[in-house]
Structures are given as structure tokens and as C-alpha cells.
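Structural description and commentary
Each chain, written out:
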Amino acid sequence: MTKPVRLVIFGRQGAGKGTQCVKLVEHYGAVHISTGDMLRAAVEEGTEFGRKANEFMSAGQLVPDEVIIGVVRDRLAQEDVRAKGFLLDGFPRTEPQAQALAATIGEDGFDLAVNIEVPLDVVKDRIAGRNRGDDAPEAVERRLADYEAKTVPAVRWFSGIGKLVEVDGVGAEDEVFDRVRTVIDTHL
Ligand code: AMP
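For the structure given in this document, a descriptive report is provided here. Fair warning: this is a prediction, and the values are worked out from it, not measured in the lab.

The next point concerns helix 3 (residues 48-57). Every buried residue of helix 3 is listed here: Gly50, Ala53 and Met57. Considered in projection along helix 3, the buried side chains sweep an arc of 65 degrees and stay on one side of the axis. The elements touched by buried residues of helix 3 are helix 2 (35-45) and helix 8 (137-160).

In C-alpha cells:
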């Protein structure tokens, strides 16, 4: 077995981040930590936490930083993550979340952040084409605007500490995966 990888993945809605995460987890054997999946599971379970989170999620808003930071901190402390490494998907979503991550595991506690870059006009076409139930036009617009306003500063934060790589996310899924894998293997 190779050394566990510890990765952060960025990509705006419609960039194909979900698909690439599935492939990456399979390839590197890391634990997939998707904050969106964790929140949806809490909503399904109908916990008080899930009900609160759903108020933000259904409006296409981010849940408050202090809420999600605690959830991720607990997850990162678990044994499987320590043993197998991790792929953080959907976190950090804001600069304070990026700083909280560094405060939790240290700037050397992860290897690399990968940004899957797909231009806004392309993701808008993709989202319009798939027309899913949770893709209400206002929520989509809100998420895309939030990404620019709040998540791009988090992406820049990783760039500032020299741990960001950009990957062109336009193309077939396998092609994009080859690009992602190549940049990761080159930087590790
Ligand atoms: P996702 O599946 O990553 O798009 O997440 C679905 C929804 O969960 C988002 O639209 C947010 O409302 C919420 N969410 C997921 N991750 C975060 C995060 N790191 N910070 C705040 N809200 C989040």
C-alpha cells in the first residue's frame, strides 16, 4: 500500500466534482468525507441538527461555519481517516472553514487541494440539462453566487500556502480523472 493521501477537492456546482471524488476514493483508498452527504444523512434521520441544517440547505444557503466545522473536526479524528487518509469534498466552503481546518490538522496535515475548474457558462448549461429536483433555479443561482463570493476565497487561501493545483474540468469524465490523478501523483 502506498502512503495515505489527504486531499481537498474544490469545484463549483456542475463541475463534476462528485464523479471525480468517487473515482479518487476508489483509486487512492482514502475516506470520502462529503459534508453535503453528512448533512443529507442528518436530514434523513430527522435529528434536531438535521432539521436546522435543512432550513439552510433547502434555501440553497450554506449552513453556519461553526456548525459544519464541529462536524468535520469530529470526523477527521476518527481512526479510519487516520489510517487511510481522506478526501474532503464540500469542505472547506469558506475562508474561516479553511483556517479552521488548518487549526485542526495543521498546514502539513493535508497534502494538496485540487480545484476542478469549469467556467460558469459551461456549468450553467450542464445544470440546465440535468434538471434535477434539488436544482430549483433560484437555489442554483444562489449556490453559484455563494461559490464565487465565499468559496473562491477559500480556494485562494490554499493557493496562498502553496498547496493548490488547478485542473481543467472540461472534457470526458475519464479524461478529467487522468488529469486529476496526474497532478496529484506529481505533487505527492
Ligand atoms: P453539497 O452536496 O456539497 O453541494 O452540499 C449540499 C448543501 O449542504 C450545500 O448547499 C450547503 O447548504 C450545505 N453544505 C455542505 N457543505 C457545507 C459546508 N462546508 N459549509 C456550509 N454548508 C455546507
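Under the criterion given, the structure shown has 15 salt bridges. Close ionic contact of Asp80 with Arg75 constitutes a salt bridge, the shortest N to O distance being 2.7 Å. By relative accessible area, which is 28% here, Asp80 ends up partly exposed. Close ionic contact of Lys124 with Glu141 constitutes a salt bridge, the shortest N to O distance being 4.0 Å. Within this pair, whereas Lys124 is found in helix 7 (residues 120-130), its partner Glu141 is found in helix 8, the two being separated by 17 residues in sequence.

Strand order in this open sheet of 5 strands is 2-3-1-4-5, and the pairing throughout is parallel. Each of the sheet's edge strands pairs with one partner strand only, and the pair in question is strand 2 (31-34) and strand 5 (164-168). Going across the sheet, the axis of each strand differs from the next one's by a mean of 20 degrees, ignoring polarity. Two elements, strand 1 (residues 5-10) and strand 3 (residues 85-89), share 5 bridges in a ladder whose sense is parallel. By the bridge assignment for strand 3, Val8 is matched with Leu88. Contacting strand 1, strand 4 (112-117) and strand 5, helix 9 (residues 173-187) runs over the sheet at an angle of about 155 degrees to strand 5.

To continue, consider the site of the ligand. Taken together, 14 residues lie near the ligand, and Thr35, Arg40, Gln61, Gly90 and Gln97 sit nearest. At a separation of 2.9 Å, an oxygen atom of the ligand approaches a polar side-chain atom of Arg40. Within the side chain of Arg93, a nitrogen or oxygen atom sits 3.1 Å from an oxygen atom of the ligand. Residue composition of the shell around the ligand, grouped by class: 6 nonpolar, 5 polar and 3 charged.

For the pair helix 6 (residues 95-105) and helix 8, interaxial distance at closest approach is 7 Å and the crossing angle is 35 degrees. Across the interface between the two elements, Glu95, Ala98, Gln99, Leu101 and Ala102 of helix 6 pack against Lys150, Pro153, Ala154, Trp157 and Phe158 of helix 8. Its residues assigned to classes, the contact of helix 6 with helix 8 shows 7 nonpolar, 1 polar and 2 charged.

All right, on to the environment of Val43 then. Residue placement: Val43 occurs in helix 2. Given the relative accessible area of 27%, Val43 is considered partly exposed. For the pair Val43 and Gly129, spaced 86 residues apart in sequence, the C-alpha separation works out to 27 Å. Setting aside residues no more than four positions away along its own chain, Val43 makes contact with Gly50, Asn54 and Met57.

It is worth spelling out the nonpolar core at this point. By size, the foremost hydrophobic cluster in this structure holds 29 residues, and its most contacted members are Phe10, Leu88, Leu101 and Phe158. With 6 residues, the single largest contributor to this core is helix 8. With sequence-adjacent residues up to four places away left out, Leu88 is seen in contact with Leu7, Val8, Ile9, Ile33, Val72 and Leu101. In this structure, Ile9, Leu24, Ala30 and Val140 belong to the second largest nonpolar core, which totals 24 residues.

Turning next to the packing of helix 2 against helix 4 (residues 65-76). The interhelical angle for the contact between helix 2 and helix 4, taken along N-to-C directions, is 105 degrees, at an axis separation of 11 Å. Compared by their axis directions, helix 2 and helix 4 come out roughly perpendicular. Counting all contacts with helix 2, which are made through Thr35, Met38 and Leu39, the residues of helix 4 involved are Ile68, Val71, Val72 and Arg75. When its residues are assigned to classes, the contact of helix 2 with helix 4 shows 5 nonpolar, 1 polar and 1 charged.

Definitions and limits used
Residues numbered from 1 in each chain as written. Predicted model: local features only at pLDDT ≥ 70, side-chain atom pairs only at ≥ 80, totals over all residues. Heavy atoms only, no water. Buried < 20%, exposed > 50% of the residue type's maximum accessible area, 1.4 Å probe, protein only. Helix = DSSP H or I, 4+ residues; strand = E, 2+ residues; numbered from the N terminus. Arc of directions from axis to C-beta. Contact = heavy atoms within 4.5 Å. Salt bridge = Lys/Arg side-chain N within 4 Å of Asp/Glu carboxyl O. Pairing = 2+ DSSP bridges. Axes fitted to C-alpha atoms, helices over the stretch in contact; angles between N-to-C directions. Near = heavy atom within 4 Å. Polar contact = N/O pair within 3.5 Å; in protein donor to acceptor, adjacent residues only side chain to side chain. Nonpolar A, V, L, I, M, F, W, Y, C, P; charged D, E, K, R; others polar. Core = buried A, V, L, I, M, F, W, Y, C linked by side-chain atoms within 4.5 Å. Parallel < 35°, antiparallel > 145°, perpendicular 65-115°, else oblique.

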